[in-house]
Amino acid sequence: NYNEHSENIIKTEINDNIGIAPGAGSVFRQWDFKKYLEIGSYLRNRGFNVYFFLGPDEKEYLDICLENGFLCPEWKDKKIISHDITFTMSLAKKMRCLLCNDGGTSWMFEFAGIQTLKIFGITNEVKFARPGYSTTIQVNDHGFVNIKDFPTKKYIEILNNFLK
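Residues numbered from 1 in each chain as written. Predicted model: local features only at pLDDT ≥ 70, side-chain atom pairs only at ≥ 80, totals over all residues. Heavy atoms only, no water.

This paragraph deals with the overall build of the chain. Looking only at helices and strands, one finds six helices and seven strands in the chain. Listing each helix as α and each strand as β along the chain from the N terminus yields α-β-α-β-α-β-β-α-β-α-β-β-α. Scaling as 2.2 N^0.38, a compact globule of 164 residues should have a C-alpha radius of gyration of about 15 Å, and the chain matches this with 15 Å. Out of the 164 residues in the chain, the part that is buried amounts to 47%. (Helix = DSSP H or I, 4+ residues; strand = E, 2+ residues; numbered from the N terminus. Rg over C-alpha atoms; globule rule 2.2 N^0.38 Å. Buried < 20%, exposed > 50% of the residue type's maximum accessible area, 1.4 Å probe, protein only.)

Next up on the list: helix α6 (residues 152-162). Residues T152, Y155, I156, I158, L159 and F162 constitute the buried set of α6. End-on view of α6: buried residues confined to an arc of 165°, all on one side of the axis. Seen from the open side of α6, the exposed residues pointing more than 90 degrees away from its buried face are K153 and N161. At its buried positions, α6 is contacted by α2 (33-45), β5 (97-101), β6 (115-120) and β7 (134-138). (Arc of directions from axis to C-beta. Contact = heavy atoms within 4.5 Å.)

So, on to helix α5 (residues 104-111). Those residues of α5 lying buried are S106, F109 and E110. Taken down its axis, α5 places every buried residue within 100° of arc, on the same side. Turning to α5, the residues buried within the fold contact α4 (85-92), β5, β6 and β7. Once α5 finishes, G113 follows within two positions and takes phi at roughly 90°, a positive value.

Turning to the packing of aromatic side chains, a few remarks are in order. In total, this model carries nine aromatic pairs according to the counting rule given. For the pair F33 and Y61, a centre-to-centre distance of 3.9 Å together with 10° between the ring planes defines the contact as stacked. Of this pair, F33 sits in helix α2 while Y61 sits in the loop between β2 (49-52) and α3 (62-67), placing them 28 residues apart in sequence. For F33, a relative accessible area of 7% corresponds to the buried category. By the ring-pair criterion, three or more aromatic residues cluster together here, those being F33, F52, Y61 and F70. Positioned above the aromatic ring of F70, the side-chain terminus of R44 is 4.1 Å from the ring centre. For R130, the ring lying beneath its charged end belongs to F111, and the centroid distance is 4.2 Å. (Phe/Tyr/Trp six-rings, centres within 6.5 Å; stacked < 30°, edge-to-face > 60°. Lys NZ or Arg CZ within 6 Å of the ring centre and 35° of its normal.)

Attention now moves to the environment of M89. Mapped onto the fold, M89 is located in helix α4. Along the primary structure M89 and M108 are separated by 19 residues, whereas in three dimensions their C-alpha atoms are 5.8 Å apart. Look past the residues within four positions of M89 in its chain and what remains in contact with it is M108, F111 and A112.

See below:
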């Protein structure tokens, strides 16, 4: 039972838990991982529990997350616990929200009923965000062409409004 399993992995108060999913199917849809680390530290300093949701393609970030004191609830002993979508969705239900790119993990969270703050560069934020469950940042609206150039400071401004 994945729901029961997620209870054993994430024991902190839902309203204090924020997930970050730095991956996406294409590097052109990914905001810089180091910026997500900065956001994670910012949130932790504000009293939130920050969890990084890393897919198989983001395994290279696992040690960096752990070294920086962030938990990666889908992983144990450097192995992904399950490839079953219901496992990730059960973990999603333990989060207040998810900060992410336009990637598959965002949809799992949105269909689990969890709000996302999703950053977009080359893809269409209207087409690739679930209405009512996703607040979007289109970098072009802020004068940036490349998602990687979007500044952490501006992201934090938007994030603070999102968390109100």
